[in-house]
Amino acid sequence: MREPRALIVSTLLVLAASPGPATSRAAAQVPTPESVLGFSVGADFELATYEQALEYFQQLDAASDRVELRQVGETSYGRPWYVALISSAENLRDAERYREIAHRLAHPDEGMTEDEARRLSEEGRAIVHIDGGLHASEVAHAQHTIQLAYDLVTGDDDPEIAAILDEVILLLWFSINPDGQTMIADWYRENLGTPYEVASAPFLYQKYIGHDNNRDGYMINQIESRVVTRVDRHWEPQIVYNHHQSSPFPTRIWIPPFAEPISPNVHPLMWRTVNLVGMAMAQALEERGQKGAMHMGSGFDNWYPGFMDHANNFHNVASFLTETALYRYATPHFYTINDFPQSRRDLRPESLYASPWEGGWWRVGDAVDYMLTASVSVLDVAAKYRRDLLYNRYQAARDVVAQYRAGPPYGYFIPQDQRDPVAAAEMLRRLAFNGIDVTQLSEPVTFDGVTHEAGSWVIPMDQPNANFVRQLFAVQEYPDLREYPEGPPEQPYDVSGWTLPYQFDVRVVEARTPLGAEVRAAMTPLSAEPLAWDAGVDAQAWDSPPGVGFDSHPVARAVVPPEGTVQGGGSALVLDPAQNNTYKALARAWAQGARVRFAPGTASPDSGAAGTSGSWIVEGLGGSARASLVEDLRLRVSGGSAAGQSVGRPRIALYRPWNASMDEGWTRWLLEMYEVEFTSLYNADVRAGDLASRYDVIVLADMRPRSIVEGFAKGSVPPRYEGGVGPEGVRALETFVRDGGTLVTLNGSSHFALDEFHLPVRDVVRDVEREDYFAGGAIVELLVDPSHPVMSGMPERSKIFVGSSPVFTTEDGFEGRVLAKYPDNGSPLLSGYFLGEEHVNGYAAALEVQHGEGQVVMLGLKPQWRGQPFGTFKILFNAALYSSAVASQTPDNDAFWSPPQEAEEEAGGNGNGGGR
Ligand SMILES: [Zn+2]
């Protein structure tokens, strides 16, 4: 297949000079895209980098008073990042006034009357966020924004465009992933005309998380997510439109309404507006003869609130995505009806797919044209319904406030005294950054029979964005939707449960009765003074870069955990592994030459019960170094004396495949954030062998075993990126373990160790059918033994995120220990969706397998999932520090777990053991 395609490609290169789409409305002084880029937008085999797009927008800004470029920050790789405001010159002159109106309607004062809201809606302008797409390998969206800007700026003689310029201020994120845009364009150019023209990129197109950059909407872990959130909360658009490319084949564009289920905590006006926009798009596409638009149909539900667009719906913003058809990069592709799935070959019109696409060429220019139609139709809706959009924002805010005054939850109390007080602050900072009002009690209050100390945080729910809080704090009950009655469950498009207090292991008290006058009087808004504090994740990045024209959100920085404390005397510091910053402290202690010891906990002698947690001890730090460790990291530690065995800083490696893994990226990001030193280990490094002389611990992120062993198929990518660790890499990893190293396998990569090292452990759910067992991303309760060092700091009953996770039992010859297990009976589910608990009851969720002199730590869970579960990060850190010096102190905990009695197979067969 590859050779013929290359031939087609070279023929088409000749055709590439033919004119591209929409170049007619040129105004003399405004530069056309091709005059700057050197090619027309959407031309075959051409992709503009971010730098080229920026150059174009700078020239457009200079030439037109309808465009204003503003720097909004810097990207992860340090690119200066700009957005464009596009509207009439008059509107741009008064943009600040319109921004203020948008704000007042989004956050109406207590006294705002309906008349005043009407007046403001009449005076204001619609503000619309449209972006060039987060997913950089979906290339067309970041190209279409260039043409969109040109078409708008030069569109005087088109009454539709003229009305848009008068009624709407477009906040155009012409690139919402500048790093990725350039990385992918460069990669494509490098391979153009070679056999690797359409090869997958061997890197993540966001520094750490690649495709997951669309799933960081409430956690805002990445710099890009914070910049977008800050700017959107600054402008308060009434519509957010986020472009994507992968419509269900053979449809040409997927547009709202969404599939079921939708999130419960959204004002219904938002869904209605989203649906209105979707229908208007379909109409506009049809009017232009652009066939193949489809609503609903596929699995694009709106359940997970972490999508960058969807997070806005909980802020009373009508927000949505579309998925335009994709081929690969800017290479055209020809489809015949025979490429279609059987069910689509009859080209039968459907109610929500009225003009089936018939096949033919599909080019990046076609995708650009569909996107232009879709974007302009959104702006057209905004122009026509401008007053309603603004007024509805007010209505939604008013209704949400009234709703939470009339019924629970009336508010949430978050005590400062937590197992990890910093985790509570981290959770609340994210909410504050996302535009939630967080207050703090200035004095103790007693409410519903509970006394809340001064300093406790309170989130009153009578605020316009309260739905966002509820969506994140509530326990998710994913509806049991079936593909047909009694059939397999309809899987959520993303995860089913995310409850933040569970993920952060933070105690939150819900107010079930109205907050009274006493509580209200003690609630103090957080100080807006920026604070120099670096106890959290990359505090620097919470700041607005200076002088770039957008406000930062200083309130988020005012959520500060309580001061660090040292209790008791003694020259050594005894660190509590329940606190994530303990691991930052260890990294700093090692870096400063301090001695570090691990003191093991004790196993419980009782059958099935958990033991006690071990602890880390730092000695030999000078007074000021010791004090700043405690203060800077807000640690609660005790002074003590040295105990346990001395542990040197382990040499940690994190496997980094060329077929890039988002989970590797998240793991890398988290280790960096907590200052854990490690080396990225590539295929060639693994194959080179002699790993034990270089590393103590090797971590495999959540990956399929085949990806690790085989990697990219031969011939699918340039040779240097081909293959995985291969047979010699497998041997090298096994030798590493046998020689005393620790291999940590996160979730799916546990199968790698099971399969390749032939360990006496079995995954009991590996072959269970989906209609019998499904746990695709939910929070469960696991019983944990903290006496195992990898579980240090975890409570005996832990809230842990699992998703497509292996569940273990042991077989003859097993030597090792079980670290965590599913409860013996009942559902382990805490939040989300979990089908088939009988398949997991009593089995192990994490274990350590002795193999030669070393060990494999298999975690059938996702302790660092998308950088979210602050309550379980410590499992990853503990595992990464589980060198043989620590492992040698692990107490025996044989009483904690024994393999469940497996039911007899029916009809006398003993065939496949427990894997039904
Ligand atoms: Zn996408």
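Residues numbered from 1 in each chain as written. Predicted model: local features only at pLDDT ≥ 70, side-chain atom pairs only at ≥ 80, totals over all residues. Heavy atoms only, no water.

**What to know about the coordination of the zinc ion**
Reasoning step 1: For the zinc ion, every protein donor is listed as His135 (ND1), Glu138 (OE), Glu138 (OE) and His244 (ND1), and the spread of their distances is 2.1 to 2.3 Å.
Reasoning step 2: Because the angles between the four donor atoms bound to the zinc ion fall within 56 to 156 degrees, the donor set is best described as irregular.
Reasoning step 3: Counting gaps between the donor residues of the zinc ion yields the pattern H-x2-E-x105-H. You'll find His135 and Glu138 in the same group, each marked buried. (Donors = N, O, S within 2.8 Å, 3.2 Å for Na, K, Ca; no water. Tetrahedral: all angles 85-135°; square planar, octahedral: opposite > 155°, others 65-115°. Buried < 20%, exposed > 50% of the residue type's maximum accessible area, 1.4 Å probe, protein only.)

**Let's talk about the nonpolar core**
Reasoning step 1: Counting residues in hydrophobic clusters, the biggest one holds 237 residues, and the most contacted among them are Phe57, Ile86, Leu172, Trp173, Phe174, Trp616 and Leu859.
Reasoning step 2: At 13 residues, helix H12 (residues 364-384) tops the list of elements feeding residues into this core.
Reasoning step 3: Within the second largest apolar cluster, 34 residues are counted, among which are Phe736, Leu754, Phe757 and Leu847. (Core = buried A, V, L, I, M, F, W, Y, C linked by side-chain atoms within 4.5 Å. Helix = DSSP H or I, 4+ residues; strand = E, 2+ residues; numbered from the N terminus.)

**Here's the deal with empty space enclosed by the protein**
If a probe the size of a water molecule is rolled over the atoms, the empty space left behind becomes visible.
Reasoning step 1: In total, this model carries eight cavities of 30 Å³ or more according to the counting rule given.
Reasoning step 2: The calculated volume of the largest cavity comes to roughly 100 Å³.
Reasoning step 3: Elements supplying a minimum of two residues to the lining of the largest cavity: helix H7 (140-153) and helix H9 (178-191). (1 Å grid on protein atoms, 1.4 Å probe; cavity = no way out; pocket = protein on both sides within 12 Å on 5 of 7 lines; lining within 4 Å. Points joined across faces, edges and corners; volume = space filled by probe spheres on them.)

**Focus on the confidence of the model for the protein**
Reasoning step 1: Counting all residues, the mean pLDDT for the protein is 91, and 92% of those residues have values of 70 or more.
Reasoning step 2: In this model residues 1-28 is a low-confidence stretch, pLDDT under 50, and it forms 35 contacts with partners more than four residues away in sequence or in other chains.
Reasoning step 3: Low pLDDT (under 50) marks residues 905-916, which in the prediction has 15 contacts with non-local residues, meaning those over four places away or in another chain. (pLDDT = per-residue confidence, 0-100. Contact = heavy atoms within 4.5 Å.)

**As for the sheet that holds strand E16 (residues 509-511)**
Reasoning step 1: One open sheet holds the five strands; their spatial order is E16-E11-E15-E12-E17, and the pairing between them is antiparallel. If you trace the sheet from one side to the other, it starts and ends with E16 and strand E17 (523-525), each paired once. With strand direction ignored, the average angle separating the axes of adjacent strands in the sheet is 30 degrees.
Reasoning step 2: Judged from the three bridges that link them, strand E11 (residues 411-414) and E16 form a sheet pairing that is antiparallel. (Pairing = 2+ DSSP bridges. Axes fitted to C-alpha atoms, helices over the stretch in contact; angles between N-to-C directions.)

**Examining the side chain of Gln181**
Reasoning step 1: Along the chain, the position of Gln181 falls in helix H9.
Reasoning step 2: For Gln181, a relative accessible area of 7% puts it in the buried group.
Reasoning step 3: Contacts of Gln181, omitting those with residues within four sequence positions, involve Ala48, Thr49, Tyr50, Ala53, Ala136, Ala142, Gln143 and Ser175.

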